[in-house]
Amino acid sequence: MRSFDFHQSGEIGDAAGALGREAAIIAGGTNLLDLMKIQVMTPERLVDITRLDGLSAIEADGENLRIGALVTNTHLAGDSRIRAGWPLLSRAILAGASAQIRNKATTGGNLLQRTRCPYFYDTSQACNKRAPGTGCAAQGGAGRMLALFGTSPDCLAAHPSDMATALTALQASVEIRAASGEIRTVPMHEFYRGPGDSPDIETVLAPDDIVTAVLLPAPRAGTKQTYRKVRDRASYAFALVSVAAIVKVEDGRIAEASLAYGSIAPHPWMNHAVEEMLVGQAPSDDLFARAGEALTAAPAPHPDTEYKRPLLRRTLIAALREATGLSESAHGVDTARIPA
Amino acid sequence: MQTSLTVNGQTREVDHDARQTLLDTLRDGLGLTGTKKGCDHGQCGACTVLLNGERVNSCLCLTAMHDGDEVTTIEGIGTPETLNALQKAFVESDGYQCGYCTPGQIMSATALFEEVKKGAPSYVSADLEAPTFDDAEIAERMSGNLCRCSAYPMIREAIAMSREVK
């Protein structure tokens, strides 16, 4: 690990003042320290924000919840309100990492975790995300974990977060504090930037912005929620593809559908055309097959991820069958029980 | 840098580089070599300790961030002469071959019991609000601890056995 200046902040203005292009915020550290050990990330300063007040609670704001950026994954997944009203979020978080990592990893850090592209991790290889302008070794390389959609010629990497995929389907927002002290909120689907020609810049955050919370809108009554994750082993592995589905069926027809897809794009993926195909229709295998075709119409940008197209179609169909009651409600499908 | 930790009930002052992980502080700074370094990247779980009562990978903790925190290592839960119930169960079930991952497995399982007691759900819990405790739950909840000798069936048996004793 390269040397760095360690700055522990007790006050958020002080933390913001210590930030800048060569600095990194550290909270849980489960991703950052790993990347620092192999010198993929080499910040000159680490700003420890774990002692800041007001960022570690899950607070009710009417029917909405405000999840502090330092709330751990374990705390969030286990919160009784989340389990009852937003079970999709519990499921997605529990599908990720290990108990040890979830105890340390934070809500803000989970959103900002880096890709698992092997070329990003290998400092002997070209990578525009790690070292801008060096090229993309994944082009023409091996890459079954790469993205299917939203890539650019400069970067094919996928975002691996389960939690962020669930938050996208749940239409959450990210609360951000600028160095000026001004607070703004950005919807999940606007928080990440596509890679374009600068894949090193992954979000709308400025170097001295601090993510302070995630805002979760009130749960939708009568919805079924499911998170289906497909991976190489049963536990403690990143997704190959995942589907977060929130569906409401009323009078035999799909009344509402909110879908997000993980590990197939540089950020949690959405495709509103798929939801529009579903709403107003009676659940059927034919309908879901057509939705899957629409979702995966574009060709894979790398031959090694071609397999993700049928895998994603089947995962979507399975998730929709469960969430609409077309198949037996399997393990991992939860009905939102709105707390009193 | 100076950091004060409470390790196995004793206050310890350590002088360390800002880059030092809690794992290296425990092993090299304090001579507590029961905690093992496997991958040093949070993938294997050999370095698992309890931090303020919760299991973490000590290789992914910066010592400088844990001033005032409480750490429990394998040395803090039993001695070779007086093994605790879980340690005895690992011996009785033959829950290891080479033994390198065992301290991490035992510290992880120690925390697992507390998590189950609090009703914390896991990915395989059929009902998020009322998790049960069975073999599939043990396997899922222990997935952050790898055993290269693949003694998994005996590790799960030891944990189940120890749970029954409790």
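Residues numbered from 1 in each chain as written. Chains lettered and ligands numbered in written order. Predicted model: local features only at pLDDT ≥ 70, side-chain atom pairs only at ≥ 80, totals over all residues. Heavy atoms only, no water.

- For chain B, an unreviewed UniProt entry supplies the name Xanthine dehydrogenase YagT iron-sulfur-binding subunit and the organism Wenxinia saemankumensis.

- In the nomenclature of an unreviewed UniProt entry, chain A is known as Xanthine dehydrogenase YagS FAD-binding subunit of Wenxinia saemankumensis.

**A few points about the domain arrangement of chain A**
Working step 1: In terms of domain boundaries, chain A breaks down into domain 1 (5-50) and domain 2 (224-327).
Working step 2: In this structure, domain 1 of chain A and domain 2 of chain A have C-alpha centres spaced 36 Å apart. (Domains from an automatic or database assignment.)

**A few points about the packing of aromatic side chains**
Working step 1: Within this structure, the stated rule accounts for four aromatic pairs over all chains.
Working step 2: For the pair B:Phe113 and B:Phe133, a centre-to-centre distance of 6.5 Å together with 40° between the ring planes defines the contact as tilted. Here B:Phe113 is found in helix α3 (residues 102-117), whereas its partner B:Phe133 is found in the loop between α3 and α4 (135-141), with 20 residues between them in sequence.
Working step 3: Residue classification places B:Phe113 among the buried positions, given a relative accessible area of 3%.
Working step 4: The ring of B:Tyr123 has A:Arg231 lying over it, and the distance from NZ or CZ to the ring centre is 5.0 Å.
Working step 5: The aromatic ring of B:Phe133 is capped on one face by B:Arg163, whose charged end is 4.4 Å from the ring centroid. (Phe/Tyr/Trp six-rings, centres within 6.5 Å; stacked < 30°, edge-to-face > 60°. Helix = DSSP H or I, 4+ residues; strand = E, 2+ residues; numbered from the N terminus. Buried < 20%, exposed > 50% of the residue type's maximum accessible area, 1.4 Å probe, protein only. Lys NZ or Arg CZ within 6 Å of the ring centre and 35° of its normal.)

**Points about the sheet that holds strand β6 (residues 173-177) of chain A**
All names here are of chain A.
Working step 1: Pairing within the open sheet is antiparallel, and its five strands lie in the order β4-β5-β8-β6-β7. With one partner strand each, in any of the chains shown, β4 (58-61) and β7 (183-187) form the two edges of the open sheet. Within the sheet, the average angular offset between the axes of one strand and its neighbour, ignoring direction, is 25°.
Working step 2: Where strand β5 (residues 64-68) meets strand β8 (residues 210-216), four bridges bridge the pair, whose relative direction is antiparallel. Its bridge partner lying in β8, Gly68 is registered against Ala213. (Pairing = 2+ DSSP bridges. Axes fitted to C-alpha atoms, helices over the stretch in contact; angles between N-to-C directions.)

**Considering the packing of helix α5 (residues 87-94) of chain A against helix α9 (residues 162-169) of chain A**
Residues and elements named next belong to chain A.
Working step 1: Contact geometry of α5 with α9 gives a least axis separation of 7 Å together with a crossing angle of 165°. On the basis of their axis angle, the class for α5 and α9 is roughly antiparallel. Regarding α5 and α9, the two cross each other, and that crossing is right-handed. Of α9, the residues touching α5 (which contributes Leu88, Leu89, Ala92 and Ile93) are Asp162, Met163, Ala166, Leu167 and Ala169.
Working step 2: Looking at the contact of α5 with α9 residue by residue, the classes come out as eight nonpolar, no polar and one charged. (Parallel < 35°, antiparallel > 145°, perpendicular 65-115°, else oblique. Left-handed = near helix turned anticlockwise from the far one by under 90°. Contact = heavy atoms within 4.5 Å. Nonpolar A, V, L, I, M, F, W, Y, C, P; charged D, E, K, R; others polar.)

**Points about the interface of chain A and chain B**
Working step 1: Taken together, the contact pairs 42 residues of chain A with 41 residues of chain B.
Working step 2: In total, about 3400 Å² of surface goes out of reach between chain A and chain B, with carbon and sulfur atoms giving 53% of it.
Working step 3: The largest contributions to the chain A side of the interface with chain B come from A:Lys37, A:Arg83 and A:Gln100, which together make up 20% of the buried area.
Working step 4: Where chain A touches chain B, the interface holds three salt bridges.
Working step 5: Where the side of chain A that touches chain B is concerned, the elements lending two or more residues are β1 (5-8), α2 (32-37), β3 (45-48), α3 (73-78), α4 (80-85), α5, α6 (99-104) and β9 (224-231) of chain A.
Working step 6: The element best represented in the side of chain A that touches chain B is α6(A), accounting for five residues. (Buried area = accessible area lost by both parts, 1.4 Å probe. Salt bridge = Lys/Arg side-chain N within 4 Å of Asp/Glu carboxyl O.)

**Quick word on the environment of B:Ile155**
All names here are of chain B.
Working step 1: By the element assignment, Ile155 lies in helix α5 (residues 152-165).
Working step 2: Spatially, the C-alpha atoms of Ile155 and Thr21 are 28 Å apart, while their sequence positions differ by 134 residues.
Working step 3: Apart from residues no more than four positions distant in its own chain, Ile155 is found in contact with Phe90, Gly95, Gln105 and Cys147.

**Re the UniProt feature "domain: FAD-binding PCMH-type" (unreviewed entry) in chain A**
Working step 1: According to UniProt, the "domain: FAD-binding PCMH-type" (unreviewed entry) feature falls on residues 1-221 of chain A.
Working step 2: Strand forms 17% of residues 1-221 of chain A and helix 27%; the C-alpha atoms that close the span are 49 Å apart. (UniProt positions renumbered as here; feature names shortened; annotations may be inferred.)

**As for the side chain of A:Arg309**
Residue and element names in this part refer to chain A.
Working step 1: In this fold, Arg309 is placed in helix α13 (residues 308-323).
Working step 2: Among the polar contacts listed, one links the side chain of Arg309 to the backbone oxygen of Ala298, at a separation of 3.0 Å.
Working step 3: Apart from residues no more than four positions distant in its own chain, Arg309 is found in contact with Leu148, Thr296, Ala297, Ala298, Pro299 and Ala300. (Polar contact = N/O pair within 3.5 Å; in protein donor to acceptor, adjacent residues only side chain to side chain.)

**Considerations on α9(A)**
All names here are of chain A.
Working step 1: Counting buried positions along α9 yields eight of eight residues, so the element is predominantly enclosed.
Working step 2: Of all the residues in α9, the buried ones are Asp162, Met163, Ala164, Thr165, Ala166, Leu167, Thr168 and Ala169.
Working step 3: Of the residues that open α9, the one with a side-chain oxygen 3.2 Å from the backbone nitrogen of Met163 is Ser161.
Working step 4: Just downstream of α9 lies Gln171, where phi reads positive at about 55°.

**Re the sheet that holds β1(A)**
Residues and elements named next belong to chain A.
Working step 1: Strand order in this open sheet of three strands is β1-β3-β2, and the pairing throughout is parallel. At either end of the open sheet lies a strand with only one pairing partner, and these are β1 and β2 (23-26). Strand after strand, the sheet turns through a mean of 25° between neighbouring axes, direction not considered.
Working step 2: Sheet topology places β2 next to β3; four bridges connect them, and they run parallel. Looking at β3, one finds that Ile26 is bridged to Asp48.

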